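Spelled out, the chains give:
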Amino acid sequence: MKKYILALDQGTSSSRAIIFDHDGTPVAVSQKEFTQYFPKPGLVEHDPEEIWSSQCSVMKEVIAQSGISEQEIAALGITNQRETTIVWDAQTGKPVYNAIVWQDRRTSEYCDSLKALGLTEKVRDKTGLLIDAYFSGTKIRWILENVEDARDLARAGRLRFGTVDSWLIWKLTEGRVHCTDVSNASRTMLFNIHTLKWDEELLNLLGIPASMMPQVRSSSEVYGSCDLIGGVPVAGAAGDQQAALFGQMCTEPGEVKNTYGTGCFLLMNSGPRAIKSENQLLTTIAWKIGDRVDYALEGSVFVAGSIVQWLRDGLGIVKSSSEIEALASQVPDSGGVHLVPALTGLGAPYWDPYAKGTITGITRGTTAAHIARAALEGIAFETMDVVDAMRKDAGVSLRSLKVDGGASRNNLMMQFQSDILGTDVVRPVVTETTALGAAYMAGLAVGFWGSIDELKQQWRAERVFRPEAPQDSVYKAVEGWKDAVSRTLTAK
């Protein structure tokens, strides 16, 4: 009897494996951090082999510690940090360079040159994306241009590109399968989200051979089998934010979730309609299940939870990230301090890659508690800016905001989020929504769950935060935030 689904959640700072039962409840979790490399300011890399080894070890550990046999696992689903770019030699199976992480800004100047050529609208019409170093396409080009012999190997047809899902599927299937799903493909700046094909014009523009690209599949189907754990089917994949949208059961147009992780990612399901944003948001593919493609509007905030890591590691005002809420709670408000967490530029809706983090409103009376509170509020304000852009694009008001990710457990920040949005913020019982979404994709593919309607019955709220703050204090705080952002922006 198949009783469980295994989800691999390969994130920016750690690899995790979670086993879910038929009720969508996590029964065992294993997690392992891996090394972050910062060769120069603005550059962020990972070792692809360490990504694999850490993910492989937690996969085996979670099965061992759960006491579940491999034969009881119906399928394996994958969710992953998106846009992070890996290029490897198909003959040796070895990466030709470190993984270039989604946060990396090394191709910003090249992206500026593409914009100068007037290509912004062409790229946006085809891919739903803005031209930015965030996405995979220019990262692939950088590897081909800067790694010795890479261009020759690519011309010889030996190199393979993959976002992290592709790399894991390749490794899990021992090199038998080179594929990705539509949600990850839509984050490369090389995929036409309307034709559902790699775009030859964009590949040629960036000098990327089509032979490098993975086959694009749906988000819920059997890609291959994993011999490492008894031939379990690898049956689902989705980028982490799309997986979280699915795990939150935001399956109807207009439903919105926000994941508070290393960055902050708001997605609004727009159903079968690809809405072209007029407010600097991205149009992306949410998932493809069967023959149906669902789209989403997305606003990406580059720095969220990582600002707390900076307060811990850079400023040393807390010893662990978990202390931040208690410190921030020592003061009733931020004392007029605003922190714009632009440590790696500003994402949506500003898209200013050169912006630097800013703290305004400091006085002699400012304490570490005020800075901590301003950091948490800054994350909520960034979310507010994206929600406002979504309201304008979609033409609908926000009924509620479903939240997940590590920082969603911070009650102080969730209450502030509700106050400044003027709407309910809803936290689910299962906050592992990213991994849950991948599990759902895999389970649907093998018939472990019968339908999306069946999955909807499993979603339950743990807590609802409702607006409480007086409107005048909210208005004052928002005005202070807007002033701080205006001082941060560099792009003209």
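Residues numbered from 1 in each chain as written. Predicted model: local features only at pLDDT ≥ 70, side-chain atom pairs only at ≥ 80, totals over all residues. Heavy atoms only, no water.

1. Considering the pattern of salt bridges
Spelled out, the test is: For this document, the term salt bridge refers to a Lys or Arg side-chain nitrogen within 4 Å of an Asp or Glu carboxyl oxygen. For the purposes of this entry, the term helix denotes a DSSP run of H or I that reaches at least four residues, the term strand denotes a run of E that reaches at least two, and both are numbered from the N terminus.
The final tally for this structure, using the stated rule, is 34 salt bridges. For E201, the salt bridge is made with K122, and the minimal N-O distance between the two is 3.0 Å. Taken as a pair, E201 in helix α8 (residues 200-206) and K122 in helix α3 (residues 120-127) lie far apart in primary sequence, 79 residues in all. Taken together, the salt bridges that share partners define one network made up of R82, E83, R187, D240 and E298.

2. A closer look at the environment of P253
So the rule is basically this: Only heavy atoms matter for contacts: two residues are in contact if any of them lie within 4.5 Å across the pair.
Of note, P253 is situated in the loop between α9 (240-247) and β15 (256-260). Not counting residues up to four positions away in its chain, the partners in contact with P253 are N269, S270 and G271.

3. Observations concerning unusual backbone geometry
Stated formally: Partly exposed residues are those whose accessible area sits between 20% and 50% of the maximum for their type, while under 20% is buried and over 50% is exposed, using a 1.4 Å probe and protein chains only.
Of note, M249 is a non-glycine position whose phi angle comes to about 55 degrees, a positive value. One can find M249 in the loop between α9 and β15. The buried category is assigned to M249, whose relative accessible area is 4%. A positive phi angle is found at Q280, which is not glycine, with a value near 70 degrees.

4. Here's the deal with the nonpolar core
Test applied: Remark: nonpolar core denotes a set of buried residues (Ala, Val, Leu, Ile, Met, Phe, Trp, Tyr, Cys) joined through side-chain atoms within 4.5 Å.
In this structure, L190, I208, M212 and L401 are the most contacted members of the largest nonpolar core, which totals 131 residues. With 15 residues, the single largest contributor to this core is helix α12 (residues 368-394). If we ignore the near neighbours within four places in the chain, the residues touching L401 are V256, K257, N258, Y260, L266, T383, Q417, L421, D424, V425 and V426. In this structure, L6, I51, I78 and V164 belong to the second largest nonpolar core, which totals 35 residues.

5. Here's the deal with the packing of aromatic side chains
The criterion, for reference: Here a Phe, Tyr or Trp ring, Trp counted by its six-membered ring, pairs with any other such ring whose centre lies within 6.5 Å, and the pair is stacked when the planes are under 30 degrees apart, edge-to-face when over 60, and tilted otherwise. In this analysis the charged atom, NZ for Lys or CZ for Arg, is taken to sit over a ring once it is within 6 Å of the ring centre and within 35 degrees of the ring normal.
Taken as a whole, this structure holds 17 aromatic pairs when the rule is applied. Seen in terms of ring centroids, F246 and Y440 are 6.4 Å apart; in terms of plane orientation they differ by 80 degrees. Their pairing is edge-to-face. Here Y440 lies in helix α14 (residues 433-445) and F246 lies in helix α9, a separation of 194 residues in the sequence. Y440 matches F246 in its accessibility class, with the two residues each being buried. Ring pairing ties together the aromatic residues W102, Y134, F135, F265, F302 and W351, which thus form one cluster. If you follow R106 out to its NZ or CZ, it ends over the ring of W142, 4.5 Å from the centre. The cationic tip of R141 hangs over the ring face of Y110; the distance from NZ or CZ to the ring centre is 3.8 Å.

6. Quick word on helix α10 (residues 305-315)
At 3.6 residues per turn, the α-helix brings residues three or four places apart onto the same side. Buried residues of α10: S306, I307, V308 and L311, and no others. Contacts made by the buried residues of α10 are with α11 (324-328), β19 (338-340) and α12. G316 lies just past α10 and shows a positive phi near 70 degrees.

7. Some details on the side chain of S14
Put simply, the rule is: A 3.5 Å cut-off defines polar contacts: any pair of N or O atoms within that distance qualifies, except that in protein one atom must be a possible hydrogen donor and the other a possible acceptor, and neighbouring residues in sequence count only when both atoms are side-chain atoms.
Positionally, S14 belongs in strand β2 (residues 14-20). The exposure class of S14 is buried, given its relative accessible area of 7%. At a separation of 3.0 Å, a polar atom in the side chain of S14 contacts the side chain of Q31. Residues contacting S14, with those up to four places away along its chain left out, are D9, Q31, K32, E33 and F34.

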